[in-house]
Protein chains: 2
Amino acid sequence: MTSVDDRERQVLERIDKARRRRAKIKDERITLAHGAGGKATHTLIEAVFLEAFRNPLLEPLEDQAVLSLGGPRLAFTTDSFVVHPLFFPGGDIGELAVNGTVNDLAMSGARPRYLSSGFIVEEGLPTEDLVRIAESMARAAEAAGVQIVTGDTKVVERGKADGCYINTAGVGVISHDLTLGASRARPGDVVLVSGPIGDHGITIMLARGELDIEADLTSDTAPLADLVDRLLAAAPGVRCLRDATRGGVATVLNEVARASDVAVVLDERAVPVRTEVRGASEILGIDPLYVACEGRFIAVVAPEDADAALDALRTHPQGTEAAVIGQVKADPPSLVLLKTEFGGTRIVDVLVGDPLPRIC
Amino acid sequence: MTSVDDRERQVLERIDKARRRRAKIKDERITLAHGAGGKATHTLIEAVFLEAFRNPLLEPLEDQAVLSLGGPRLAFTTDSFVVHPLFFPGGDIGELAVNGTVNDLAMSGARPRYLSSGFIVEEGLPTEDLVRIAESMARAAEAAGVQIVTGDTKVVERGKADGCYINTAGVGVISHDLTLGASRARPGDVVLVSGPIGDHGITIMLARGELDIEADLTSDTAPLADLVDRLLAAAPGVRCLRDATRGGVATVLNEVARASDVAVVLDERAVPVRTEVRGASEILGIDPLYVACEGRFIAVVAPEDADAALDALRTHPQGTEAAVIGQVKADPPSLVLLKTEFGGTRIVDVLVGDPLPRIC
C-alpha cells in the first residue's frame, strides 16, 4: 500500500505545483462562467479559495472532505442550490438540495446521515411555495435515509434571491476501508456511467419556457447512496465515483484525467443519451456530455471488477441503463478523448463559459 | 440524573404541544420580519421547517445539533450570511461567516474543528473583493483553530445576491460530559453576559451611511471557543450558552425562558452597553437588548458557580467587561422581565418586525 500512497503523494504534489503556476485569475470581475463548473470555476477555486484556505483535507478538491474525529471516518460536504425555476418536471429546488448533498457524500462511499439546511428566502415568496419546498425536502430526506438536524433562515429584500436559495451541508459515515478519489484512476481501468446523461439539465432549460421545444422529459434527481452501496459491495476495485452534476460527464472525467495524470477515452456510441436529450441538445448547440445530471454518476473501476460493477448497477432500479462508456489509458495524460460515432477522435475539453446557467 | 432527563422530556413535550398549537403561519408571503430572528422567524421555523423535518435532533431548535456517530459527540451547525455592506468597521462578511459558525459550535461546548463554505456570488463582483473576503475567512479560521475543508461556489446574475452571500456549516467535537441547552435553566440560576452588547448591529447600521451619525464603533465579531473553554473548565454548573446574534440578548433570553418554563429577570443597570451604542440606539428608536452582537454570549449558570464563571470570563481578554445581568426565577414562566433604571419593571417581549435587517 505504501507505493500507492507514495505515487498519490507525488501526483498531488505535481498537481499542486501546476495549480500554483496556473491559478492566476485574470478576470477583474466575477462572471457567470465562474459558476459553471468548468475552466473558470476551477481557476476561481484554485486562485482564490484554495490559495486562501489551503490545508491537506481541502487540497484534493473532491466534492467532500474525509474527516477523522476519533470515531469512524466521516465525510463532510456542502452545496448551495440556486436553480431557476424553483419547481420543474420531476423535482424542485428542495429535493435537489437534499439529493445533491446526499450524493456528494455517497460519492466518497459514505452512508449519508445528517443534513443542515440554510435558506435564503426572497421577501414576497408565497408561503405556500416555501411549505411545498420544505415538504419536498422532508420526503427526499426520508427517501435518502437522512435527517435534517440543524438549519438557518435568512430573508433578503424583494428582487434578490429569485424566490429562494438553499444551502445544504451533510455528514456521512464511511464504514469501509476503500479510499476513493479522482487521483486513483490507473491505465486499464474501465469507466462506467450509472444511467442516461443530461436529463436534468435539459429539463431545466425546457422548464424555463424560453425555447419552443416540448419534450417528455423529467429531472433525474435521485439519492444514489443505495446504488453506491451495492456497487462497492460487488466491486471493491472501484477507484473513484463522481456524480456528473454541473459541467456534466465531460467535466467530471476531465477532473479524473487531470488528477490521475491519465487519459480517459470515451466511446461515443456507448454513452447512454435519451432521444429527447439528444434532440434538445442539438437545437441548443450543446454536447450532452456537458449537460448536468442530478442522479447519475461516473465510476472508474479496476478492469477485473468491471463486469461485477456493471452487473451490480444494472440489477438496481436506479442503474438499469448503466453502461461501460470508456477506458483509462496512460497517454495522452490529463486529457479526455472521444471516439466519435464516425470513427474519428476528438478532445473533450473542460467547459469554457456557461451554456446552462443556474441548473442546480 | 434520570430525574433531570425526565423533567427535560416533559418540558420538551409541553413545548412541542404548544408549538403544534401555535405554529400556524398566517402570512401568505414571506416578509423581512421572517428573517429577523424574532416572533415571525420562530413561527416560520416551527410552522414550516420543524413541521416538515421533525426529528429528535432538530426538535430542541438549538443553534446546533449534537450527533453521535460512533466516536465522540459532535456538534453540527449551519448559518448563511447576507450582511450588507460586505465590509464594515471591524470586519467583513467572510470573518463573520467563520466566527458565526465557530460560535454556534462553541455554544454547545464543542471545540470547533471543520468548516464548509458555500458562496453564492453575484455576477460583476470585483474579483479583488472576493479575494479579500476569502483571505479574511482564512485569517478568521486560523484564529479560531478551524480548517475550511470543503466548499461550493455558485454565481447568480447581476442584481441578485448583493455581491455575495456565504453559508458556512461546521463540525466540532464535544469532549466533556456537560449537556447545555436552553431548556436547562432553573430558578435561582444567574445570567451573565460576556461583554458589552449591540456593537455589531449598530456598527452595521452606521456603515450603511443612511443615518447622519458618526461613532467610534467597530463590530464585536470574534471567535468565542477559547472563552467558552475557560468558562466551562471553571464553572461546570453552566446550564446554557447562547451567542446573542440576530434579535440580540432579548431574543436569546426569551428562548431560554420559554424552553425552560422559567422567568428571566434582568437588571437594566447591570447590562453593559457602550455609550456610542446607547446613543445610536436612542436615535434609531431601538432597545440595545434587541441589537445583534457577533462576539458576545449569554451564560446561564447555577448559583454556586456564578462567581467562578464571572472570574473565568473577566480574566480572559474577550471577557474583561463580562457582567452578571440577571437571575432566573420560577414566575412568571416563559417571560423576560426588565427591572428598569427607574425602578419599574417591564416585559422584554420577543422581537416583532425587523428593525435591523441584514445585519448578519
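Residues numbered from 1 in each chain as written. Chains lettered and ligands numbered in written order. Predicted model: local features only at pLDDT ≥ 70, side-chain atom pairs only at ≥ 80, totals over all residues. Heavy atoms only, no water.

1. With respect to the UniProt feature "domain: PurM-like C-terminal" (unreviewed entry) in chain A
UniProt's feature table lists "domain: PurM-like C-terminal" (unreviewed entry) at residues 186-332 of chain A, given in the numbering used throughout. Helix makes up 35% of residues 186-332 of chain A and strand 18%. Its end C-alpha atoms lie 13 Å apart. (UniProt positions renumbered as here; feature names shortened; annotations may be inferred. Helix = DSSP H or I, 4+ residues; strand = E, 2+ residues; numbered from the N terminus.)

2. Considerations on the side chain of R296(B)
Residue and element names in this part refer to chain B. By secondary structure assignment, the location of R296 is in the loop between α8 (275-284) and β11 (297-301). The side chain of R296 sits in the buried core without any salt bridge; D199 is the nearest counter-charge, 4.1 Å away. One polar contact links the side chain of R296 to the main-chain carbonyl oxygen of P196, over a distance of 2.9 Å. (Buried < 20%, exposed > 50% of the residue type's maximum accessible area, 1.4 Å probe, protein only. Lys, Arg positive; Asp, Glu negative; His and termini not counted. Salt bridge = Lys/Arg side-chain N within 4 Å of Asp/Glu carboxyl O. Polar contact = N/O pair within 3.5 Å; in protein donor to acceptor, adjacent residues only side chain to side chain.)

3. Quick look at the state of the cysteines
Residues and elements named next belong to chain A. Within the structure shown, the criterion is met by zero disulfides over all chains. Distance from the sulfur of C164, which forms no disulfide, to the nearest cysteine sulfur (C360) is 14 Å. Assessed through its relative accessible area of 1%, C164 is described here as buried. Between C360, a free cysteine, and C293, which holds the nearest cysteine sulfur, the sulfur-to-sulfur gap is 11 Å. (Disulfide = S-S within 2.5 Å.)

4. Some thoughts on empty space enclosed by the protein
Evaluated as defined, the whole model comprises six cavities of 30 Å³ or more. In terms of lining residues, the largest cavity is bounded by 46 residues, among which I45(B), L61(B), E62(B), D63(B) and E255(B) are the most central. Residue assignment for the lining of the largest cavity shows that the elements contributing at least two residues are β5 (111-122) and β6 (147-156) of chain A together with α1 (2-22), α2 (39-53), β2 (73-81), α3 (93-106), β9 (238-243) and α7 (248-260) of chain B. Considering only residue class, the lining of the largest cavity consists of 18 nonpolar, 14 polar and 14 charged. (1 Å grid on protein atoms, 1.4 Å probe; cavity = no way out; pocket = protein on both sides within 12 Å on 5 of 7 lines; lining within 4 Å. Points joined across faces, edges and corners; volume = space filled by probe spheres on them. Nonpolar A, V, L, I, M, F, W, Y, C, P; charged D, E, K, R; others polar.)

5. Quick notes on the interface of chain A and chain B
With 80 residues of chain A at the contact, the number on the chain B side is 80 residues. A salt bridge links D162(B) to K160(A), with the nearest nitrogen and oxygen atoms 3.0 Å apart. Secondary-structure elements contributing two or more residues to the side of chain A that touches chain B are α2 (39-53), β1 (65-68), β2 (73-81), β5, α4 (127-144), β6 and β7 (164-174) of chain A. The residue makeup of the side of chain A that touches chain B, split by class, is 41 nonpolar, 23 polar and 16 charged. (Contact = heavy atoms within 4.5 Å.)

6. A short note on the domain arrangement of chain A
Buried accessible area, meaning the area lost when the parts come together, often serves as the stated size of an interface. Residue and element names in this part refer to chain A. Once the domains are mapped, chain A shows domain 1 (62-175) and domain 2 (182-347). Between the C-alpha centres of domain 1 and domain 2 there is a distance of 23 Å. Each partner contributes to the interface: domain 1 provides 22 residues, whereas domain 2 provides 24 residues. Of the roughly 1900 Å² buried at the junction of domain 1 and domain 2 (both faces included), carbon and sulfur atoms supply 56%. Our count for the contact surface shared by domain 1 and domain 2 stands at three salt bridges. Taken together, the links from domain 1 to domain 2 amount to 10 residue pairs in polar contact (both at pLDDT 80 or more). When residues of the side of domain 1 that touches domain 2 are traced back to their parent elements, those giving at least two are α3 (93-106) and β5. Here the side of domain 1 that touches domain 2 gets eight residues from one element, more than from any other, and that element is α3. Residue composition of the side of domain 1 that touches domain 2, by class: 10 nonpolar, seven polar and five charged. (Domains from an automatic or database assignment. Buried area = accessible area lost by both parts, 1.4 Å probe.)

7. Some thoughts on the packing of aromatic side chains
Aromatic ring pairs are defined here through the distance separating the ring centres and the angle between the ring planes. Enumeration according to the criterion identifies six aromatic pairs over all chains in this entry. Ring centres of F76(A) and F76(B) lie 6.4 Å apart, and the angle between their planes is 80 degrees; this geometry places the pair in the edge-to-face category. Residue F76(A) is found in strand β2, and its partner F76(B) is found in strand β2; the two belong to separate chains. Like F76(A), the residue F76(B) is buried in the burial classification. Taken together, the ring pairs in this structure connect F49(A), F53(A) and F119(B) into an aromatic cluster. A cation over an aromatic ring shows up here: R132(A) above the ring of F87(A), its NZ or CZ 3.7 Å from the ring centre. The ring of F81(B) has K154(A) sitting right over it, with the charged end atom 5.7 Å from the ring centre. (Phe/Tyr/Trp six-rings, centres within 6.5 Å; stacked < 30°, edge-to-face > 60°. Lys NZ or Arg CZ within 6 Å of the ring centre and 35° of its normal.)

8. As for the sheet that holds β5(A)
Residues and elements named next belong to chain A. If you trace the five strands from one edge of the open sheet to the other, you get β1-β2-β7-β5-β6, paired in mixed fashion. Of all the strands in the sheet, the pair left with one neighbour each is β1 and β6. Here the strands of the sheet are splayed against their neighbours by 20 degrees on average, with no regard to which way each runs. Strand direction decides the pairing type here: β5 and β7, joined by 10 bridges, are antiparallel. Counterpart to R111 in the pairing with β7 is V173. Against the sheet, α3 engages β2, β5, β6 and β7, with an angle of about 150 degrees to β2. The sheet contacts of α4 involve β5, β6 and β7, and relative to β5 the element is tilted by about 170 degrees. (Pairing = 2+ DSSP bridges. Axes fitted to C-alpha atoms, helices over the stretch in contact; angles between N-to-C directions.)

9. Thoughts on the packing of helix α5 (residues 199-207) of chain A against helix α8 (residues 275-284) of chain A
Residues and elements named next belong to chain A. For the pair α5 and α8, the least separation of the axes is 10 Å and the interaxial angle reads 60 degrees. Taken together, the axes of α5 and α8 lie oblique to each other. Judged by the twist between their axes, the crossing of α5 over α8 is left-handed. Contact residues: D199, I202 and M205 in α5; V277, A280, S281 and L284 in α8. (Parallel < 35°, antiparallel > 145°, perpendicular 65-115°, else oblique. Left-handed = near helix turned anticlockwise from the far one by under 90°.)

10. So, the relation of the copies chain A and chain B
Both copies of the chain are related by a screw-like operation: a rotation about an axis and a shift along it. Expressed as a screw transformation, the operator carrying chain A onto chain B has a rotation angle of 180 degrees and an axial translation of 0.0 Å, and the superposed copies differ by an RMSD of 0.0 Å. The two molecules are tied by a two-fold rotation axis, judged by turn and shift. Minimal C-alpha distance to the rotation axis in chain A is attained by G71(A), lying at 1.8 Å. When you check the interface residues of chain A against chain B, 100% turn up at the interface there too, and the contact is symmetric in its surfaces. (Least-squares fit on C-alpha atoms with pLDDT ≥ 70 in both.)

11. Brief notes about the sheet that holds strand β14 (residues 345-347) of chain A
Residue and element names in this part refer to chain A. Ordered by their spatial adjacency, seven strands build an open sheet running β9-β11-β8-β12-β10-β13-β14, and the pairing between neighbours is mixed. At either margin of the open sheet sits one strand with a lone partner, and together these are β9 (238-243) and β14. The sheet shows a mean angle of 25 degrees between the axes of neighbouring strands, direction not considered. Taken strand by strand, helix α9 (residues 306-314) contacts β8 (190-193), β11 (297-301) and β12 (323-329), and its axis lies near 5 degrees from that of β8.

12. So, the nonpolar core
The nonpolar side chains of a soluble globular protein tend to be buried, and buried together. Judged by nonpolar contacts, the single largest core of 80 residues is most densely connected at V98(A), F119(A), L130(A), C164(A), L289(A), I298(A) and I325(A). Ranked by residue count, the leading element in this core is α4(A), at eight residues. Non-local contacts of I325(A), meaning those with residues more than four positions away in its chain, are made with V191(A), L192(A), V193(A), V249(A), V265(A), L266(A), D267(A), A270(A), V271(A), P272(A) and I298(A). Grouped together as the second largest cluster of nonpolar side chains are 79 residues, F81(B), L96(B), I133(B) and C293(B) included. (Core = buried A, V, L, I, M, F, W, Y, C linked by side-chain atoms within 4.5 Å.)

13. With respect to the environment of V190(A)
Residue and element names in this part refer to chain A. Residue placement: V190 occurs in strand β8. Along the primary structure V190 and V324 are separated by 134 residues, whereas in three dimensions their C-alpha atoms are 7.1 Å apart. Ignoring sequence-local partners within four residues, the contact set of V190 consists of A299, V300, V301, P303, A306, V324 and G326.

14. Concerning the pattern of salt bridges
All told, the structure shown has 40 salt bridges over all chains when counted by the stated rule. Residue R258(A) is joined to E46(A) by a salt bridge in which the shortest nitrogen-to-oxygen separation is 3.4 Å. Taken together, the residues R258(A) in helix α7 (residues 248-260) and E46(A) in helix α2 connect sequence positions 212 residues apart. When the shortest N-O distance is used, the salt bridge between R274(A) and E321(A) registers 3.7 Å. Here the residue R274(A) occupies a position in the loop between β10 (263-267) and α8, and E321(A) occupies one in the loop between α9 and β12, the gap between them amounting to 47 residues. Accessibility expressed as a relative area gives 39% for E321(A), which makes it partly exposed. Each of D79(A), R246(A), D152(B) and K154(B) takes part in salt bridges that share partners, so that together they form one network.

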